[in-house]
Amino acid sequence: MRFGLVFFIACATLAAQPAIRGFSSQEAKTQRERESKLRAIPRVAHIRSYMQRMSSEPHVAGSPQSKAVAEYALGLMKEWGLEARIEEFEALLPYPTRRALEMTSPVAYKAKLHEPAIAEDRDSADKGQPPTYNAYAATANVTAPLIYVNYGIPDDYQQLAKLGISAKGKIVIARYGKSWRGTKAKTAQENGAVGCLIYSDPRDDGYFQGDVYPKGPFRPRDGVQRGSVMDMPLYVGDPLTPGWASEKGSRRLPRNEAATLMKIPVLPISYADAQPLLENLTGPVAPEAWRGALPVTYHVGPGPATVRLEVDFDWTTKPLYNVIATIPGTSAADEWLIYGNHHDAWVNGAADPVSGAATVLETARALAELSKSGWRPRRTIRFALWDGEEFGLIGSTEWVEKHRPELLRKAVMYLNSDTTGIGTLNAGGSPSLQIFFSEVLRDIQDPVKKQALLEGARARRAEGEQGDQKDKAFRLGPLGAGSDYVAFLHHTGIASINAGFSGGDHGGVYHSIYDSFDWYTKFSDKDFVYGATLAQVMATTLLRMADAPLLPFEFLSLAGAVERYVEDLKTNKQFGSKISLDSIGPELQRLKTAAAAFEKAAAKANTVSDGVRSRVNQALIATERAWLLDAGLPGRPWYKHQLVAPGLYTGYSAKTLPRVREAAEAGRLDEANKEAKVLADAIRAVSISIEDAAKAFE
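What comes next concerns the included structure.

**A short note on the environment of L76**
Point 1. Positionally, L76 belongs in helix α4 (residues 64–79).
Point 2. Sequence separation between L76 and A364 is 288 residues, and the spatial gap between their C-alpha atoms is 9.7 Å.

Here's what the structure looks like:
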């Protein structure tokens, strides 16, 4: 009787287990047992050790210290028994040789352009810190009247025009926020400015938000955000080798032909250096929304503040060191999964990028440990620690450009992490992976809240929605140009996910000398429990995708995403009623039908042979590639994905259906109507690819 009751309970428990996409119920049972062993492996002590070591010294790309970090990671990978190597590239990585900023009238002021060490942070006094600068700004020495342009985005220049103020011949000062720094430099350049200063206003990134470092997590008065101003929406990677790998002896463009380099000088400054400049502006008082938190009246100018800005660089090519480690696959070894994070930092980079790089290492260790028990993945798993990300996603892009023909044939999925901290899991990616990834988050608990990560992710999304759109569905947000997934997704059509914890560790030490191990252990994931949890997420994602007999892609979510993006175009108040999307409607319906047909066919996956499933898997790999158009996007052919791209003026943020959207937003309505037909063709190509996957079951 007792045995019968126990047997009944065991059967009921097994039956109650939710399904795992891509596995039969029996296969899922074995998979769950393996995943349980895997998720017990990651250790917070290991993550702490990796982070402390890798963030102990400044290690900007191209420096000996960056190479040392790569060699440290390589040694760990080999110690764990992984096949590992360093793959070297070269790229234009300019270091500054001259930086000067001074106000020449109405009073004299010489900017410090320096971040002072803080006694409470041992690493803030490290040797080898790179100066505060913006990579890929132009060499120049200019003197001109100053104007204040708020966040320096296109709308701000339109507001200035209404005030009768032109940026032509001026040096502009913009505050960080609302858009990517490269957009601020490009927009200043396009409006005729001869120079651009970018500072962190304390309203956005300083004492207005809370106590500043070291008392609190926010940016101190002398803190500066370094960073690249490469025009990444045109292309990423080495500016001199767009579309091909930058290796020793490779062909390079002359510097004056590199479209992503700025043509004006740009310099980041602290709010301590910005205040004397702003308080010597007159002219109209800035609109209320433009006013920051400095103790000055915000005027827009021009003048009487006149400033001299000088920057110069060595303009040299320097080495990059990508660390690549592999767990070879077995029956489907030519199907690749790749998980990457960069290892280079603007200074010590404990949060950005070491928190994410440590997760890659612990994920690799966990899967290497699992393999010692006899497990071997069906598909090949690769781990990557990229170099040169901070300059413009360079290490990952050069690697993709070198291996693109093979990646087009073999790559199934690219996973990415970058900065991770505390809070809830934030993820973006390809809609075809949405259901798959939601199942992973369903099966892993938040280490503090003790609820499924999926619940936190759903709540985060719901809090960000308004009105009738508010719901609890989990969705992968569209990916723009924020990290190393760009070359994989936008250039090569590899289904991708970018994920990390955020939202609970507000602070303002990004790209400064204060992004240190001390800051991280005081104000972010101090116990490293979220780092270990992210390792569980990524390891489970890789294991599940590596061993699924049928690749767990799903296309109803994709059809839903496309439908939402189209509806967003139709209801746009600026242009929705002025463009014709008639050609898209039938193709969207075909996409929905194809997605439903695939679901019906996939339900019978357990009844077909391994050979049939192999053919289906090959067809599934091709579905994301179907979004690619060889000619690329208008004016930027390097970006080939037709569903999503970084916006021309949004930087990191994505634009969905970019061919149509950006033409319509610019008022080029005839062009938008023509592009709608190109988009319809792309949707049809994706539908055909999904139909091919369904037919492969036959």
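**Description of the pattern of salt bridges**
Point 1. Inspection of every chain in the model, using the stated rule, returns 41 salt bridges.
Point 2. One salt bridge in this structure joins R252 and E90, with 3.5 Å as the shortest N-O distance. Of this pair, R252 sits in the loop between β8 (227–228) and β9 (266–269) while E90 sits in strand β1 (residues 83–92), and the two are 162 residues apart along the sequence.
Point 3. In this structure, D231 engages K186 in a salt bridge whose closest nitrogen and oxygen atoms are separated by 3.2 Å. A residue pair is termed long-range when its members are at least 10 positions apart, and D231 in the loop between β8 and β9 and K186 in helix α6 (residues 181–190) qualify at 45 residues.
Point 4. Residue classification places D231 among the buried residues on the basis of a relative accessible area of 7%.

**Section: the sheet that holds β1**
Point 1. Reading across the sheet, the 7 strands line up as β1-β11-β13-β12-β14-β16-β15 and stay open at both edges, with mixed pairing between neighbours. A strand with exactly one partner marks an edge of an open sheet, and here the two such strands are β1 and β15 (423–429). Taking each pair of neighbouring strands and ignoring which way they run, the sheet shows an average axis angle of 20°.
Point 2. As paired elements, strand β12 (residues 332–342) and strand β14 (residues 411–416) share 5 bridges and run parallel to each other. Each bridged residue has a counterpart across the sheet, and for G340 the counterpart in β14 is N416.
Point 3. Sitting on the sheet, helix α9 (residues 350–371) touches β11 (317–327), β12 and β13 (379–386), and the angle it makes with β12 is about 150°.
Point 4. Sitting on the sheet, helix α16 (residues 529–547) touches β12, β13, β14, β15 and β16 (496–503), and the angle it makes with β14 is about 175°.

**Thoughts on α9**
Point 1. Look at α9: 30 Å from first C-alpha to last across 22 residues, which is about the 32 Å you get at 1.5 Å a residue.
Point 2. Counted residue by residue, α9 has 21 buried out of 22 residues, so it is predominantly covered.

**Here we look at the packing of aromatic side chains**
Point 1. Going through the model one piece at a time under the given rule, you end up with 23 aromatic pairs.
Point 2. Relative to W399, the ring of W386 has its centre 5.4 Å away and its plane inclined at 55°; by these criteria the two rings are tilted. Of this pair, W386 sits in strand β13 while W399 is found in helix α11 (residues 394–410), placing the two residues 13 residues apart along the sequence. Assigned by exposure class, W386 and W399 land together as buried.
Point 3. Aromatic pair F517 and F528: ring centres 6.2 Å apart, planes at 20°, arrangement stacked. Within this pair, whereas F517 is found in helix α15 (residues 517–523), its partner F528 is found in the loop between α15 and α16, the two being separated by 11 residues in sequence. In this structure, F517 and F528 share a single accessibility class: buried.
Point 4. An aromatic cluster is built from Y133, Y136, F313, W315, W346 and F391, whose rings are joined through pairwise contacts.
Point 5. Taking NZ or CZ as reference, R53 lies 4.7 Å from the ring centre of Y72, over its face.
Point 6. Across the ring face of W336, the terminal group of R382 is positioned such that the distance to the ring centre comes to 4.2 Å.

**Considerations on the side chain of K170**
Point 1. By secondary structure assignment, the location of K170 is in the loop between α5 (154–162) and β6 (171–175).
Point 2. Buried charge without a salt bridge: K170, with D156 as the nearest opposite-charge side chain at an N-O distance of 17 Å.
Point 3. For K170, the side chain forms a polar contact with the main-chain oxygen of S166, separated by 3.3 Å.
Point 4. Excluding residues within four positions of it along the chain, K170 makes contact with A144, P145, I147, G192, A193, V194, G195 and P302.

**Some details on the packing of helix α2 (residues 25–39) against α9**
Point 1. With their axes 9 Å apart at the nearest point, α2 and α9 run at an angle of 125° to one another. As the angle between them shows, α2 and α9 are arranged oblique. You can see that α2 and α9 cross each other, and the crossing is right-handed. Facing R34, K37 and L38 of α2, the residues of α9 in contact are A366, L367 and L370.
Point 2. Residue composition of the contact of α2 with α9, by class: 4 nonpolar, no polar and 2 charged.

**Describing the nonpolar core**
Point 1. By size, the foremost hydrophobic cluster in this structure holds 225 residues, and its most contacted members are F383 and F437.
Point 2. Examining the composition of this core, we find that 12 residues originate from one element, α9, more than from any other.
Point 3. Not counting the four nearest positions on each side in its chain, F383 is found in contact with M77, L82, V323, I324, A325, I327, Y339, V360, T363, A364, L367 and L542.

**Points about the packing of helix α19 (residues 610–625) against helix α21 (residues 669–695)**
Point 1. With their axes 8 Å apart at the nearest point, α19 and α21 run at an angle of 170° to one another. In this view, α19 runs roughly antiparallel relative to α21, as classed from their interaxial angle. The crossing of α19 and α21 is left-handed. In this structure, α19 contributes V616, A619, L620, A622 and T623 to the contact, and α21 contributes V686, S689, I690, D692 and A693.
Point 2. In terms of residue class, the contact of α19 with α21 is made up of 7 nonpolar, 2 polar and 1 charged.

**Brief notes about the sheet that holds strand β7 (residues 195–199)**
Point 1. Taken in spatial order, the 7 strands line up as β3-β2-β10-β5-β6-β7-β9 in an open sheet, and their pairing is mixed. The open sheet is flanked by β3 (109–110) and β9, the only strands paired with a single partner.
Point 2. Where strand β2 (residues 96–105) meets β3, 2 bridges bridge the pair, whose relative direction is antiparallel. For M103, the partnering residue across the bridge sits in β3 and is Y109.
Point 3. Packing of α6 onto the sheet brings it into contact with β6, β7 and β9, and relative to β7 it is tilted by some 150°.

Here is what the cut-offs are and how they apply
Residue numbering note: each chain is counted from 1, following its sequence as written. With the structure being a predicted model, the display of local features is reserved for residues of pLDDT at least 70 and the display and counting of side-chain atom pairs for 80 or more, all residues being used for whole-chain, interface and lining totals. With hydrogens and water excluded, all non-hydrogen atoms of the structure serve as input to the side-chain values. Runs of H or I in DSSP of at least four residues are treated as helices and runs of E of at least two as strands, each being numbered from the N terminus. One side-chain nitrogen of Lys or Arg within 4 Å of one carboxyl oxygen of Asp or Glu is enough to make a salt bridge. Each residue gets one of three labels from its accessible area relative to the maximum for its type: buried under 20%, exposed over 50%, partly exposed in between, using a 1.4 Å probe on protein chains only. Paired strands, as defined in this entry, are two strands with at least two bridges between them according to DSSP. Lines are fitted to the C-alpha atoms to define the axes, a helix being fitted only along its stretch in contact, and any angle between axes, read from their N-to-C directions, falls within 0 to 180 degrees. Only heavy atoms matter for contacts: two residues are in contact if any of them lie within 4.5 Å across the pair. The length a helix should cover is 1.5 Å for every residue beyond the first. Stacked, tilted and edge-to-face are the three classes applied to pairs of Phe, Tyr and Trp rings, where Trp contributes its six-membered ring and a pair requires centres within 6.5 Å; stacked means planes under 30 degrees apart, edge-to-face means over 60, and tilted covers the rest. Should the NZ of a Lys or the CZ of an Arg lie within 6 Å of a ring centre and within 35 degrees of the ring normal, that charge is described as sitting over the ring. In this tally Asp and Glu are treated as negative and Lys and Arg as positive; neither His nor the chain ends contributes. Two N or O atoms count as a polar contact when they lie within 3.5 Å, although within protein this holds only if one can serve as hydrogen donor and the other as acceptor, and sequence-adjacent residues are included solely when both atoms are side-chain atoms. What sets the label is the angle itself: under 35 degrees gives roughly parallel, over 145 gives roughly antiparallel, 65 to 115 gives roughly perpendicular, and the rest give oblique. By definition, any crossing whose near helix is turned counterclockwise from its far helix by less than a right angle is left-handed, and any crossing with a clockwise turn is right-handed. Just so you know the grouping, Ala, Val, Leu, Ile, Met, Phe, Trp, Tyr, Cys and Pro go in nonpolar, Asp, Glu, Lys and Arg go in charged, and all remaining residues, Gly too, go in polar. Within this scheme, the nonpolar core is defined by two criteria: the residues are buried Ala, Val, Leu, Ile, Met, Phe, Trp, Tyr or Cys, and they are joined through side-chain atoms within 4.5 Å.

Without other data, these values stay purely geometric and don't point to any function.
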